[in-house]
Amino acid sequence: MRYCFLRFPEGKLKAATLSYDDGIRADIRLSETLNRYGMKGTFNINSGSLDGKDPNRLRIEEIKEHLLDHGHEIAIHGERHLAPGIVTPSVGIADALNCRTDLENIFGRIIRGMAYPDTGITKMHGGNSAEAIKAYLRDLGIAYARTLAGDNNTFMLPTDWLAWMPTAHHNNPKLMEWVEQFVGINEDNIRWSGKYPRLFYLWGHSYEFDNNQNWNVIERFCELIGGKADTWYATNIEICDYVNAYHSLIKSADGNRIYNPTLKEIWLCVDHQIYSVRSGETLVLP
Ligand SMILES: [Zn+2]
């Protein structure tokens, strides 16, 4: 009996991602910062604000040029930014579905990610429940949805993709302490059941850097986390899709034969050893 753990592409132990909301002009500077450090993020857009009326919001062409063309993801954030825990289910469904169809048609791609708008599923009203909201989002084809208010330094992958808890908001006073802990973790200083993969997931609004004049926070974050050989820099959906592919691996009862039915090459760590199993192949552990 041995432990088998996910490793990110190329056998990497760690991944880092970001999630920034509302499609505001300062996203351009944030994207440029991430690009400089080879990092990737997800930008959560309100489709109802793409009419060009608000000069603070990114225009469609700018989202293409500054976000999508650099490999960042765009995800839904409600057509009208409504908290699904507060509005009636039919309004919450329309807000998510309209945002999804609008963004897919405008940008010509499939969009399956979400960040809950406003208070999301942290506050409930009118008989709503988080379980009922997650059920309709699943039916609307949403693969993951970022929630909030549970910052922690476990660096664990989510167990519930429709309540994906980030590691921290960038204003968390413990941010740099947690970043240092994260950077300090390596294959040699974690053992046995602790060899699970680690994820640092930062979230916020880029306009907060303007308002608080603290762009140095994100610069420092990227400087410390970026450019590491043991870290995969990916968007939210890339991480979600990769982890779900890992979960699709088919194993023999003793765990020694591992078949990969997916289209991705999947990496894993068994007894301190890194392996990969290619699409359609079966790995037989020694
Ligand atoms: Zn928002």
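What counts and what doesn't
- Residues numbered from 1 in each chain as written.
- Predicted model: local features only at pLDDT ≥ 70, side-chain atom pairs only at ≥ 80, totals over all residues.
- Heavy atoms only, no water.
- Core = buried A, V, L, I, M, F, W, Y, C linked by side-chain atoms within 4.5 Å.
- Buried < 20%, exposed > 50% of the residue type's maximum accessible area, 1.4 Å probe, protein only.
- Helix = DSSP H or I, 4+ residues; strand = E, 2+ residues; numbered from the N terminus.
- Pairing = 2+ DSSP bridges.
- Axes fitted to C-alpha atoms, helices over the stretch in contact; angles between N-to-C directions.
- Parallel < 35°, antiparallel > 145°, perpendicular 65-115°, else oblique.
- Contact = heavy atoms within 4.5 Å.
- Nonpolar A, V, L, I, M, F, W, Y, C, P; charged D, E, K, R; others polar.
- Polar contact = N/O pair within 3.5 Å; in protein donor to acceptor, adjacent residues only side chain to side chain.
- Phe/Tyr/Trp six-rings, centres within 6.5 Å; stacked < 30°, edge-to-face > 60°.
- Lys NZ or Arg CZ within 6 Å of the ring centre and 35° of its normal.

An account of the nonpolar core is requested, with residue identities and associated values reported.
Formed by 52 residues in total, the largest nonpolar core has its most connected members in Phe200, Ile218 and Phe221. For this core, the element with the most residues is helix α7 (residues 215-225), which contributes 7 residues. Ranked by size, the runner-up nonpolar core spans 29 residues in total, among them Tyr144, Ile239, Leu268 and Leu283.

Explain the sheet that holds strand β11 (residues 257-259) to me, and be specific about the residues and the numbers.
By way of backbone hydrogen bonds, the strands of a sheet pair with one another, either parallel or antiparallel. The 3 strands lie next to each other as β10-β11-β14, forming an open sheet whose pairing is antiparallel. Looking at strand neighbours, the two that pair on one side only are β10 (250-251) and β14 (282-284), the edges of this open sheet. In terms of strand pairing, β11 meets β14 through 3 bridges, oriented antiparallel. Directly across from tyrosine 259, in β14, lies its bridge partner threonine 282.

Describe the packing of helix α5 (residues 175-184) against α7, listing the residues and the values that go with them.
As a packed pair, α5 and α7 sit with axes 10 Å apart at the nearest point and diverge in direction by 10°. In terms of their interaxial angle, α5 and α7 are classed as roughly parallel. Residues Leu175, Met176, Val179, Phe182 and Val183 of α5 form the contact with α7, whose own contacting residues are Val217, Arg220, Phe221, Leu224 and Ile225. Its residues placed into classes, the contact of α5 with α7 shows 9 nonpolar, no polar and 1 charged.

Tell me about the sheet that holds strand β13 (residues 273-277), and name the residues and values.
Spatial strand order, β1-β12-β13: 3 strands in an open sheet with antiparallel pairing. Edge positions in the open sheet fall to β1 (4-7) and β13, since each of these has one partner strand only. Across this sheet, the average inter-strand angle for adjacent strands is 35°, counted without regard to direction. Two elements, β1 and strand β12 (residues 266-270), share 4 bridges in a ladder whose sense is antiparallel. Following the sheet pairing, cysteine 4 is matched in β12 by valine 270.

Please provide a residue-by-residue account of the pairing of β13, values included.
Summarising the sheet, β12 and β13 pair through 5 bridges and their orientation is antiparallel. When the bridges of β13 are listed, cysteine 269 appears paired with isoleucine 274. Between the antiparallel neighbours β12 and β13 lie 2 residues, among them aspartate 271 with a positive phi of about 50°.

Quick rundown of the side chain of threonine 17? Include the residues and the values.
Of note, threonine 17 is situated in strand β2 (residues 14-21). Among the polar contacts made by the side chain of threonine 17, one reaches the side chain of asparagine 236 at a distance of 2.9 Å. Residues within four places of threonine 17 in sequence aside, it is in contact with Lys40, Leu199, Phe200, Tyr201, Leu202, Ala234, Thr235, Asn236 and Ile239.

Could you give me a rundown of the packing of aromatic side chains, with the residues and numbers involved?
Using the criterion set out here, one finds 13 aromatic pairs in the structure. Between phenylalanine 209 and tryptophan 215 the ring centres are 4.8 Å apart and the planes differ by 40°, which places this aromatic pair in the tilted class. You'll find phenylalanine 209 and tryptophan 215 in the same group, each marked buried. Here the aromatic residues Tyr144, Trp161, Trp164 and Tyr201 are joined through ring pairs into a cluster of three or more. When the ring centre of tyrosine 196 is taken as origin, the NZ or CZ atom of arginine 198, which lies over that ring, is 3.8 Å away.

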